[in-house]
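# Fold and geometry: a report
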Amino acid sequence: MSYFTAIQPIQYEGATSRNPLAFKHYNPTELVNGRTMEEWLRFAVSYWHTFTGDGSDPFGVSTMQRPWNHYQGLDLAKARVEASFEMFEKLNVPYFCFHDVDVAPEGNTLRETYRNLDKIVQMIKEYMKTSRTKLLWNTANLFTHPRYVHGAATSPNAEVFAHAAAKVKKGLEIGKELGAANYVFWGGREGYETLLNTDMKQEVDQLARFFHLAVDYAKEIGFDAQFLIEPKPKEPTKHQYDFDVATGLAFLQSYGLKEHFKFNIEANHATLAGHSFEHELRVARINGMLGSVDANQGDLLLGWDTDEFPTDLYSTTLAMYEILLNGGLGSGGLNFDAKVRRGSFEPEDLFYAHIAGMDSFAVGLKVANKLLEDRVLEDFIAERYRSYTEGVGLEIMEGRANLHTLEKYALEQTEIKNRSGRQELLKATINQYIIEVKR
Ligand code: XLS
Ligand code: NI
Ligand code: NI
């Protein structure tokens, strides 16, 4: 059974190709700084947007025309698995990601949900035996069902906590069964709506307890995937506890969890938090916490998580710059947590969208690598901070200065000279590199 009969396997045809169903820049086997593009980029398809999402939004019903739409229940789940592996192969992607409810329908009881999951997970496992596509990460959906109305791990209701814990236990078992490289926690409904009914200290303590239980259980069953927290500042709730990387880091440190986690950074979540994508990547990187990426982009004119496919080359360049400086993403990858627009409802749009995202990050990789090779920013930055490598600056950095010595120094100063930050020049230089690499 084929779901995408009109689509042939997508090939790399080079920058001058006009074939919409070909890669222009993503050439998986091409070497960039000692690794193949495939190894640097580690692309993943997200199951929820691509196979489960139907185009409905708070104002309108589904629009997506999908060749599996006529199925229901477990048959629908099975058809989606078949379609997904066909797509992974045609796109030649090394990874995919899913939430438990994306792959199998929730039953009326937890036992029934487990039974549905077991069937589908076995089917996925069979497909994985002959497919090259591996599981980048899985996660438990702890936000859709009405039981999570007040949160999951941070719910005031311990019965909800227990249910969420069971879903994570199952998720960890599934991750182990399918050889997931990472396991993600996104706190969809965590965070409060009003302090008037909230015990904040209690909620944050609960959340930490929840993570410790997951860490312990993964250890118990020998599941050695990297644990990832995915920060987000709002939507659906206010997400106070995992607002951004800095907030998440402070939480992990306070509760002795830092060594067990890294961050899964989503571009659109960064911009919702009032940060740039590269800011979040940088904060994670300099703290040794850059784990994986949800590669998408937001619409800056809309204040929500629009999860568009990434096409902004400036952004993919600065993202890949951070990833290269991080020495790659380790066990992480670039997961397209991205959906085709509601108006892009035909099945082939799924291919156009992934090709656009993959090519955009391939360009970003090539440009960032060239920028690093030529030390375009490095030399400028080193020079900008040179005053800390000698004299009073070196004394400050080595801890030999105190307020007395600094005051003495300042009193003897005659004139302080600052130098230009050269922002416009640097931006123009980056543009020049993007234009050159695209050719
Ligand atoms: C929602 C999140 C979600 C996570 C996985 O905004 O991005 O999709 O990636 O639960
Ligand atoms: Ni995400
Ligand atoms: Ni998101």
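For the structure given in this document, a descriptive report is provided here. Nothing here was measured: the structure is a model prediction, and the numbers come from that model.

### Here we look at the packing of helix α6 (residues 158-178) against helix α7 (residues 200-221)
The contact between α6 and α7 brings their axes to 10 Å, and the two run at 30°. Crossing angle aside, the handedness with which α6 passes α7 is right-handed. Residue-level inspection shows F161, A164, A165, V168, K169, L172, E173 and K176 of α6 in contact with α7, the latter providing Q206, R209, F210, L213, A214, Y217, A218 and I221. Residue composition of the contact of α6 with α7, grouped by class: eleven nonpolar, one polar and four charged.

### A closer look at the layout of surface pockets
By volume, the largest pocket amounts to about 1400 Å³. Lining the largest pocket we find 44 residues, and of these H49, S56, E235, D307 and K339 sit closest to its centre. For the lining of the largest pocket, the elements supplying multiple residues, two or more each, are α2 (47-52), α4 (100-103) and β7 (134-139). Counting residues per element, the lining of the largest pocket draws most heavily on α2, at three residues.

### Description of the coordination of the nickel ion (ligand 3)
Within the protein, the nickel ion (ligand 3) binds to E266 (OE), H269 (NE2) and D305 (OD); these donor distances fall in the range 2.1 to 2.3 Å. On the primary sequence, the residues serving as donors to the nickel ion (ligand 3) are separated as E-x2-H-x35-D. Between the nickel ion (ligand 3) and the nickel ion (ligand 2), a spacing of 3.8 Å is present, and a bridge between the two is formed by E266. Residue H269 is located in helix α9 (residues 267-272), and its partner D305 is located in the loop between β11 (290-294) and α11 (313-325); the two are separated by 36 residues in the primary sequence. Of the two residues, H269 and D305, neither departs from the other in class, the shared state being buried.

Conventions used here
Residues numbered from 1 in each chain as written. Chains lettered and ligands numbered in written order. Predicted model: local features only at pLDDT ≥ 70, side-chain atom pairs only at ≥ 80, totals over all residues. Heavy atoms only, no water. Axes fitted to C-alpha atoms, helices over the stretch in contact; angles between N-to-C directions. Helix = DSSP H or I, 4+ residues; strand = E, 2+ residues; numbered from the N terminus. Left-handed = near helix turned anticlockwise from the far one by under 90°. Contact = heavy atoms within 4.5 Å. Nonpolar A, V, L, I, M, F, W, Y, C, P; charged D, E, K, R; others polar. 1 Å grid on protein atoms, 1.4 Å probe; cavity = no way out; pocket = protein on both sides within 12 Å on 5 of 7 lines; lining within 4 Å. Points joined across faces, edges and corners; volume = space filled by probe spheres on them. Donors = N, O, S within 2.8 Å, 3.2 Å for Na, K, Ca; no water. Buried < 20%, exposed > 50% of the residue type's maximum accessible area, 1.4 Å probe, protein only.

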